[in-house]
Amino acid sequence: MSADSTSTYLSAAECTEIDHEISHAPTPAAVAIDALKIVQAHRGWVSDDSLTALAEYLGMSAAELDGIATFYSLIYRKPVGEQVISLCDSVTCWIKGYDRLQAHISGRLGVGLGETTADNKYTFLPAPCLGACDRAPVMMLGDDLHQDLDEKKLDQILQSGSFNKGGEV
Amino acid sequence: MSDRPLTININAARDATDINGYEATGGYQALRKVLAQMSPADCLTAVKDSGLRGRGGAGFPTGMKWSFVPMDNVSPGHKYLICNADEMEPGTFKDRLLLECDPHQLIEGMIISAYTIQADVAYIFIRHEYHLAIKLLKQAIADCHARGYLGDNIQGSGFNLQMYVHSSAGRYICGEETALISSLEGKRANPRAKPPFPQVSGLWGRPTIVNNVETLCNIPHILKHGGEWFQNLGIGADAGTKLFGVSGRVKNPGCWELPMGTPIRELIEEHAGGMQDGYQLKGFLPGGASTDFLVPEHLDLAMDYDVIGKAGSRLGTGTMIILDDQTCPVGMVKNLIDFFAQESCGFCTPCRDGLPWSGQVLGDIDSGNGIPADLKTLQQQVKFIGAIGNTHCALAPGAMEPLQSALKYFADDFQQHIDGKACPYCDTPAVAMEA
Amino acid sequence: MPTIYIDDQPYEVPEGDNVLQACLSAGLDLPYFCWHPAMGSVGACRQCALVQFRDEQDTQGRIVMGCMTPVAEGARFSMQGPDASEFRSKIIQSLMLNHPHDCPVCAEGGECHLQDMTVMVGHRKRSYRGRKNTHRNQYLGPLVHHEMNRCIACYRCTRYYNDYAGGTDLAAQGAHDHVYFGRQQDGVLESEFAGNLVEVCPTGVFTDKPLVNDYTRKWDLQSAPSVCVGCALGCNTSVGERYGKLKRIHNRYNTEVNNYFLCDRGRYGGNFVNDESRPLFAGLRNQQQRYDAIEQQQALDTLAEWCGTGRRVAAIGSPRASLESNYLLRRLVGVENFNSGMADHEAALLSQVHGLLASNGVVTPSLQQVEHADAVFILGEDVTNTAPRLALALRQSVRSKAFELAAELKIPVWQDEAVRVLAQQQRSPLHIVAMSDTRLDDVAASTAAHSPDDIARLGYAVAAALDNSLPAIEDLASDLQSRAQQIADDLRSASRPLVISGTASQSAAVIDAAAAIARALSQTDKMLSFCLPEANSLGVAMLADAQQPSFSELTRRSNNGEIDTLLVLENDLYRRAPQSSVEALLKNAGKVVVLDCVDTATMSCSALALPTASFAEAEGTLVSSEARAQRYYPAFLPAEQRQPAWQWLKQMGQQLQPARFDPLPHFDDITAACAADCPALSRIAEAGPNAGFRIRGLKVPRQPHRYSGRTAMLSNHNVHEPKQPVDEDTPLAFTMEGASGARPGALLPFVWAPGWNSNQSVHKFQSRVGGPVSGGTAGVRLIEPQQEVSHSVLPPQPVFTASDAVLWLLPLHRIFGSDELSARAPAVAELVSQPFIQLNTTSAHRLNLNEGDYAILSWADTRCEVQVQINDAIPDGCAGYGMDLPGAAWLPPDTHASITAADGGSDV
Ligand SMILES: Cc1cc2nc3c(=O)[nH]c(=O)nc-3n(C[C@H](O)[C@H](O)[C@H](O)COP(=O)(O)O)c2cc1C
Ligand code: SF4
Ligand code: FES
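Enquirer: What exactly am I supposed to notice about the site of ligand 2 here?
Expert: Neighbouring ligand 2 are 13 residues, the closest being B:S344, B:C345, B:C348, B:C351 and B:C393. Split into classes, the residues belonging to the shell around ligand 2 amount to nine nonpolar, four polar and no charged.

Next comes the structure, spelled out in structure tokens:
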């Protein structure tokens, strides 16, 4: 994390990455989604200040950029914990025990869906089908896919705390 | 000549991006042949002759789709080819396999496809969660540049192509081709009205082709071996092979390349190993979450577009979701509807407001709070939202397919919920004991 | 014209329309939400569904959206069939799931398109048992009120605000059934056209905030057709009143002028009418220099005494007063004693413009024609601030390119998204050369800011590039030369080129250059348009007579003691000339009589002040910058002693010169006399139907059929219902009874049709959807292009060079605050900026000034302190000033000022 999540100005690293996207786009505004993802990869989420700075950088209005940011479910407009747990709630995982796993994670971490643990370690989110239905139920922790989940496996994953932070755009 | 062309190169021992390995087994030969010997029109003819139909869900003939792209170059500017690798339809997990295990096959297919329509820019629009695939694709594209398969004057042919990977920021609707285009332009992913079709006015208002990963992966093989060969791969009316998948309570869920027209029974009983012990097959969605349920009586049908269509469902993505006898069909349909309601882009009324309404009614029924009139409401909703043309895009009609067929095949289950004021499947020991 | 079948009935429909338009034009009530006649179709709401059949044999058919389906010969539809009706009712039911049950407290209630459509489809019973979604509302500034829970997500607001009006600070947020339409954060909406949201929104999300704060239902409004007095464009408005107060101004549809939209100055500025400081009684100044209220007759007697035989009487008219008032004033004092009320330089510019319009051989376009221009060159105007509604039309004109591209692919114009997607950033050229940056720069092909001299030079260079018989402009910098060439090329290759200039740069050369360009173009559909300062600027210029004394001549006479009585009509002279000279004029003029509807500095200098009715309480004729004469009518009777200025003047005339004034008992007689006396205005009587006009023997009612509480309204004063006033001067009546249905566009006090309570009912008054009003478009164009007479162009201006010592003061107009009246409306006042001057960095550097510093600006005998803003778009050596700079409402052209840091301002 090179830049503070509330910093108004984009970091040099962020600008370089965004400029790279702009280099093959017809207009700067066309890379809005990529740029939001870049900022999020650096800061964990997209604060109002980041949004305003980015909008200015891309030559678009904050309202327009926020309209884009809030449309896409993977752009976080609220802070998230160090790790995001995305538990698939779609059909096959649901058949294979989503409800139970959800209750288990909530019980263990003391948070409901959409919430972040008090120690800011985990944010627990539902995810639409992760494209691994043959190994349902599944979830992602950061960038890592965990398959064939059950309570025991969950406990192991959450205990080990090892995870891939994300940042790939 | 393999009868499993799509997966021939897939081999856990091989590094998926190893371009030498890919070339060693015949990779990029089709491309070399095309650039050296064939005109775009020749390629188009080959694809038309092959009978290839889109593997993204709608099954539209690929050659015909390409033939709508204006080739006279009267209005100068870019043309685009887009690979739809958004794969977010619940129950669908086939493109992931192709992306993660053989990225060069896709890239070769894209270069040939781009050449055919004379596109100079190609995008792979891929869902964010496919991190591994994104990494592999970027690596493979870099390697292709190094080998002169991408960039300017490819293999000395004078043909230029840039290729980019765009990872999405979520939302199922991005898989719909016009919404995908809006999203690639950096906007909210609202679908666009057709006509004009993207082939004429797509990305940035320019001619654009959107094809599914699997569709594009077939292209090198078709160009290499010819349309007739491809036709003969299918054992029914349709041409080629297909990645078929089965998920749910079967012994061996998975995804396999099989001839088009493979019987459903073979898929479930042989490849997927049959139902898990203690479970019976109650029904299945043959091609992903937005296809109608079929039931055991349909087991002997062939997985062909028209056969499944005649039976009242769709081949869709060819990835099947199994409903077993201990899973509540009402709950399952509610889960599906909730997904679609959540993923609606919010542009048109029937979908934006109608789907949550259906979800609310299903929730009431599922929790034992349903009333008899609710069934009529659901029927009306199916009629109101379910037809193509009633909504702005195909998301909402797709969402209605499982509901419509569930009301038909599982009417008793709905009735029991309402009469008994409770879910008859809740607290059954089998569910509690699972795993 | 193709024939389509709807429920087996054949209808001949306009080629190229969509089926929704066709149905509405045919008088069929097909419900809709997201479609808008000016914005086209996107197919979002799915409300306009019909069933389309393949052929006569097809009985099944399939649902299609009327707004997305082109008409085609022989196409067959069902609108009434059960499938279509059921589908439409389901749509409403879905829209109502989250809609609150707050109609009784909603400002839209009673004129709500959603209510109308709900009733139309017969949705009465609620079966949804879920919870309603709720949202937070935003503060959007003093003009527009936001109540998001009422939203039905038709996307009209953002389509209007972003796509049509070019605003950027309002956008759709979120997705699925949580879409939200608002700003990123609370704050004042930035667009000068935000107020149209109030009419564009089909429900109560965006409502008129001043109205909400002092609320009256549509059915309780007494309304009259009116004309905006905010600028010279003459947008048609509908003024609504209750309890003697102007409650709101709505758009009045006129295909050729404002179409469906107003600017915010027009919509909200009219509220000055309610200003409590407006004079109510005639006031005679006493020894203590205060005013005693006097009776009307006493006022007239005083006037008779002061203007009687032997008195040397002079009068000053006004470009914001009606032709009738100006004319009567002139008739009273004689042409040789009447001035139009403009300073010499302004009068000269207007007379130049009038001359050019009449003899340049070029069309002066209506706003509708402007929308279709395919290449535009603006010289010297920041149109959004000087002629706001024109800017909205220009924003549409740059889309001509998009429509061309769409036509190639056979995409119909109403396929809004498709046309926009196809064109992307491709626009037809709009070139702007102004005195600073402008609010249209975002859609311009090129922009530049120069001093007026250099604007003129560039203009002449463009003319020379088009016509090589014109003298080339020597020593033009090479970048300007190539710019001139580019502009000339763009204008030449267009089919409907438009040149726009005006009085904002105060430069005769700029105006002349614009006209020279227009003449040099060879297209038959070429257009030339001028932005003018006030609602009747062109009218008084056309009324002007060669014998008329100039403003300075009147000043001279006054200072020489040659004026015993000076009558000033609706004009604050302090906005015309430097303070000292106006002071002298008024002091030396013996008795000064001021007639005005607002209290002004000039009125404070009068010996006798007469309260006049505002535009909302009077009738009159104004001539817009298009040379369109238009009639406005009183929405309500003025309070106390206020009366239309022409009434005061008529009464005065009857007392003083009965022979000349008795033949003019009524308003129409005055209009007719004015037309007879002034050839340029000979057709003004056609601006609107006269008082004798009747429809089936009936007058046109100002009150809708549901007007309520007439007996109770005044019962706190008197339990007897007062007799409704009789209106002898117009064809309108202060009643609910009268003619309904089709009527002339000039006589549409409000729009309302059975089943259509909202403003959407306007289509019931149109000959076809989006076409002219069936009873005829309001107004009459007084100048049609004549044979071109030969013109000699003015000699080229010298190159302007920045000086170290002084800055050239250039007026920077602002939509809020630059005109005389609108800022008296409290909501508008909130938006008026502080007095400012703007310099570029180089100039500021030379003067040792920084952003935010206070500086003393001095010219002639004026000194004032202002805050410095740095704007690099200001040409070097110039300073842009806000029109509200103290004492500088109308600085003469070529004013150069010295500027120094104020004490304690800059710390340099
Ligand atoms: C809501 C919705 C989601 C879709 N998602 C996908 C997707 O994830 N991947 C895909 O290939 N096609 C998807 N499609 C189908 C595409 O719109 C399009 O038809 C397809 O990409 C065309 O490729 P094909 O002709 O190769 O099948 C979706 C369609 C809809 C209506
Ligand atoms: S059906 Fe309508 S609301 Fe739903 S995703 Fe498509 S366009 Fe959006
Ligand atoms: S008016 Fe036709 S879909 Fe909205």
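Enquirer: Would you mind going over the domain arrangement of chain C with me for this structure?
Expert: Bring the parts together and some accessible area is lost; that lost area is often taken as the interface size. Residue and element names in this part refer to chain C. We note that the domain assignment places domain 1 (3-95), domain 2 (275-347 + 539-687), domain 3 (363-525) and domain 4 (807-901) within chain C. A straight line from the C-alpha centre of domain 2 to that of domain 4 covers 31 Å. Across the boundary between the two partners, domain 2 contributes eleven residues, which contact eleven residues of domain 4. Around 1,100 Å² of area is buried between domain 2 and domain 4 when both sides are counted, 51% of it from carbon and sulfur atoms. When the buried surface of domain 2 facing domain 4 is broken down by residue, R320, H345 and R575 rank first, second and third, together holding 49% of it. For the pair domain 2 and domain 4, the interface holds one salt bridge. Among the ionic pairs, R320 bridges to E820, the shortest N-O distance being 2.9 Å. Across the contact surface, domain 2 and domain 4 share three residue pairs in polar contact (both at pLDDT 80 or more).

Enquirer: Whenever I open this one, the pairing of strand β31 (residues 836-839) of chain C confuses me. Can you help?
Expert: On a regular strand, each side chain points to the face opposite its neighbour's, so the side chains alternate between the two faces of the sheet. All names here are of chain C. Of the two faces of β31, the one lined by F836 and Q838 and the one lined by I837 and L839 are each fully buried. Inspection of the sheet shows β31 paired to strand β34 (residues 878-882) by two bridges, in the antiparallel sense. Bridge assignment links I837 to a residue of β34, and that residue is Y881.

Enquirer: Sorry, what's going on with the interface of chain A and chain B here?
Expert: With 35 residues of chain A in contact, the opposing surface of chain B contributes 54 residues. Taken together, both faces of the contact between chain A and chain B bury some 3,800 Å²; the carbon and sulfur share is 60%. Three residues stand out in chain A for area buried against chain B, namely A:F71, A:V91 and A:I95, and they jointly supply 17% of the buried area on that side. Summed over the shared surface of chain A and chain B, the result is zero salt bridges. Scanning the region where chain A abuts chain B turns up 18 residue pairs in polar contact (both at pLDDT 80 or more). Among the residues making up the side of chain A that touches chain B, the classes are represented as 21 nonpolar, six polar and eight charged.

Conventions we followed
- Residues numbered from 1 in each chain as written.
- Chains lettered and ligands numbered in written order.
- Predicted model: local features only at pLDDT ≥ 70, side-chain atom pairs only at ≥ 80, totals over all residues.
- Heavy atoms only, no water.
- Near = heavy atom within 4 Å.
- Nonpolar A, V, L, I, M, F, W, Y, C, P; charged D, E, K, R; others polar.
- Domains from an automatic or database assignment.
- Contact = heavy atoms within 4.5 Å.
- Buried area = accessible area lost by both parts, 1.4 Å probe.
- Salt bridge = Lys/Arg side-chain N within 4 Å of Asp/Glu carboxyl O.
- Polar contact = N/O pair within 3.5 Å; in protein donor to acceptor, adjacent residues only side chain to side chain.
- Buried < 20%, exposed > 50% of the residue type's maximum accessible area, 1.4 Å probe, protein only.
- Helix = DSSP H or I, 4+ residues; strand = E, 2+ residues; numbered from the N terminus.
- Pairing = 2+ DSSP bridges.

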